[in-house]
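Here's the letter readout for the chains.
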Amino acid sequence: MDFEQNVNQPYTCTLSEAAIKKAEVELNEDPLTRGEKLNHLKELFKSRPDIRFRQDDAFLLRFLRNKKFEVDRAFKSLIHHYQVRRDYKEIFTNYRPIFVKRVYELNYEMVCPGKDSDGRAVIIIRPSMPDDCTPVIDRARSILMLLETLVLDEDIQVNGVVYVIDCESFSWAILKQCSHPFLMKKIVDSYLNSVPIRIKAVHFVRPTLWFKAFHAIIHPFLSEKIKQRVHFHGEEIATLHKYIPSAILPSELGGQLPGYGNTEWMNKTLVAEDEFIYNERFGFSKSKTKRT
């Protein structure tokens, strides 16, 4: 069975029992009305003939869950999903994992091999590393594709993710790449609104002076909800462990794991290449488009 045939198979729920209960309580998901909500969403697609929407249930459920099964909000989120891909060419051209494989090999990001106490995936991101000149746009692209691979997991759709940003090596050189507010706005918008993933907390660890200047640039682009979920930790790593168990953190963050490593999720993202190729079929038509 090829990828397209597999995608268009009838939806089968893969949520764990715990995630099913959480989805009912937090996201208003009801297995009895799930199909009705999906059909309502698909009906709304008729109002935007300028957009070719991906229609498989598993894909659309990512957006419904992200918007707590409020169909109108999920519809608007889908439109924005496609607007971002149309408008931010520097991010979404050649948007396939194979084009950022080198970035993954540098271990800029890591998905911890375990979850926090609330079942959330923990993603560690190093915005920069010493003696490396990888363009910031490539780092942003690699993280976005990693998020899109993570959200294929239905439990992660429900439980969400936690970011840990290790800022120790954030330098003047990387700040210069990030000093253009318009580019930063595009990157932040892509992180927050392109991928339907629940961001439950953001932890900044060991922020340098250069990183604090960077944070001042991006802060206006963050939603109020995200701003309320931000935590700053200085050199005292133990404060991070109050939120995330040291058992799933690398030694660089005072954890019990040997060190940074992302081989597992790099391979999962690369294997998901067909997902990204398939997504290229959808979005705004090439003719003049209607904007919301």
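Residues numbered from 1 in each chain as written. Predicted model: local features only at pLDDT ≥ 70, side-chain atom pairs only at ≥ 80, totals over all residues. Heavy atoms only, no water.

**Quick word on the layout of surface pockets**
Selection criterion: A cavity, in this analysis, means grid points on a 1 Å lattice covering only the protein atoms where a 1.4 Å probe fits yet has no way out; a pocket is instead an open set bounded by protein on both sides within 12 Å along at least five of seven lines, and a residue lines either one if it has an atom within 4 Å of a point. Grid points are joined across faces, edges and corners, and a volume is the space filled by probe spheres set on the points. Only DSSP runs of H or I covering at least 4 residues are called helices, and only runs of E covering at least 2 are called strands; the numbering of each starts at the N terminus. The classification used treats Ala, Val, Leu, Ile, Met, Phe, Trp, Tyr, Cys and Pro as nonpolar, Asp, Glu, Lys and Arg as charged, and all other residues, Gly among them, as polar.
Put simply, the largest pocket is a space of about 630 Å³. Lining the largest pocket are 24 residues, and of these Arg-85, Arg-86, Glu-280, Phe-282 and Lys-286 lie nearest its centre. Here the element with the most residues in the lining of the largest pocket is helix H5 (residues 71-87); it accounts for four residues. Here the lining of the largest pocket is composed, by residue class, of eight nonpolar, seven polar and nine charged.

**Examining the pattern of salt bridges**
What counts, and what does not: We define a salt bridge as a contact between a side-chain nitrogen of Lys or Arg and a carboxyl oxygen of Asp or Glu at a distance within 4 Å. Each residue is assigned to one of three classes by its accessible area relative to the maximum for its type, calculated with a 1.4 Å probe on protein chains only: buried under 20%, partly exposed between the two thresholds, exposed over 50%.
Summed over all chains, the structure comprises 23 salt bridges. A salt bridge links Glu-29 to Arg-65; the shortest N-O distance between them is 2.8 Å. Of this pair, Glu-29 sits in the loop between helix H2 (17-26) and helix H3 (34-44) while Arg-65 sits in helix H4 (residues 57-66), and the two are 36 residues apart along the sequence. Here Arg-65 falls in the buried class, since its relative accessible area comes to 0%. The closest approach of N and O atoms between Glu-224 and Lys-227, which form a salt bridge, is 3.3 Å. One end of the pair, Glu-224, and the other, Lys-227, are both in helix H13 (residues 224-228), three residues apart, so they sit about a helical turn from each other. Here the salt bridges do not stand alone but share partners, grouping Glu-29, Arg-34, Arg-65 and Glu-154 into one network.

**Things to note about empty space enclosed by the protein**
Summed over the entire model, instances satisfying the criterion amount to two cavities of 30 Å³ or more. As a volume, the largest cavity reaches approximately 480 Å³. Those elements that place two or more of their residues in the lining of the largest cavity are helix H8 (136-150), strand E4 (161-166), helix H11 (181-194), strand E5 (199-205) and helix H12 (209-218). The greatest single-element share of the lining of the largest cavity, amounting to five residues, is contributed by H11. Across the lining of the largest cavity, the residue classes break down as 25 nonpolar, no polar and two charged.

**What about the sheet that holds E4?**
The criterion, for reference: When DSSP finds two or more bridges between a pair of strands, those strands are recorded as paired. Only the stretch in contact is used when a helix axis is fitted, and all axes are lines through C-alpha atoms; the angle between N-to-C directions ranges over 0 to 180 degrees. Contacts: residue pairs with any heavy atoms within 4.5 Å of one another.
A sheet is described by the order of its strands in space; here five strands give the open sequence E2-E3-E4-E5-E6, paired in mixed fashion. The open sheet has two free edges, formed respectively by strand E2 (109-115) and strand E6 (230-233), since each of these has just one partner strand. Taking the axes of each pair of neighbouring strands and ignoring which way they run, one obtains an average angle of 20° across the sheet. Sheet topology note: the E4/E5 ladder contains six bridges and is parallel. Paired with Val-161 across the bridge in E5 is Ile-199. Taken strand by strand, H8 contacts E2, strand E3 (121-125) and E4, and its axis lies near 25° from that of E2.

**Quick notes on the state of the cysteines**
Basically, it comes down to this: Two cysteine sulfur atoms form a disulfide, by the criterion used here, when they sit within 2.5 Å.
On inspection of all chains with the given rule, the structure shows zero disulfides. Cys-167 supplies the cysteine sulfur nearest to Cys-112, a cysteine that is in no disulfide, at a spacing of 15 Å. Sulfur of Cys-178: no disulfide; nearest cysteine sulfur belongs to Cys-167 and is 11 Å away.

**Brief notes about the confidence of the model for the chain**
Put simply, the rule is: On a scale of 0 to 100, pLDDT captures the predictor's confidence in every residue.
Put simply, the chain has an average pLDDT of 92, and 96% of its residues get 70 or more. Confidence over residues 288-292 falls short of pLDDT 50; this stretch has 13 contacts with residues more than four positions distant or in other chains.

**A few points about the packing of aromatic side chains**
Stated precisely, the cut-off is as follows: Two rings belonging to Phe, Tyr or Trp (six-membered ring only in the last case) form a pair when the distance between their centres is within 6.5 Å. Interplanar angles under 30 degrees mark stacking, angles over 60 mark edge-to-face geometry, and anything in between is tilted.
For the structure shown, the criterion picks out 14 aromatic pairs. Consider the rings of Phe-3 and Tyr-278, whose centres lie 5.5 Å apart with planes at 65°: the pair is edge-to-face. With Phe-3 in helix H1 (residues 3-7) and Tyr-278 in helix H16 (residues 273-279), this residue pair connects regions lying 275 residues apart in the sequence. Assessed through its relative accessible area of 25%, Phe-3 is described here as partly exposed. Clustering of aromatic rings is evident, with ring pairs tying together Phe-170, Phe-204, Phe-211, Phe-214 and Phe-232.

**Some thoughts on the nonpolar core**
In globular proteins that are soluble, nonpolar side chains generally tend to be buried together. The cut-off we apply is this: Definition used in this section: a nonpolar core is a set of buried Ala, Val, Leu, Ile, Met, Phe, Trp, Tyr and Cys residues joined via side-chain atoms within 4.5 Å.
Counting residues in each nonpolar core, the largest one holds 52 residues, and the members touching the most others are Leu-150, Tyr-163 and Ile-197. Broken down by element, the residue count for this core peaks at nine residues, all from H8. Beyond its immediate sequence surroundings of up to four residues, Ile-197 is in contact with Asn-66, Leu-147, Leu-150, Val-151, Ile-156 and Val-161. One finds Val-7, Val-71, Ala-74 and Ile-79 within the second-largest nonpolar core, a separate group that totals 22 residues.

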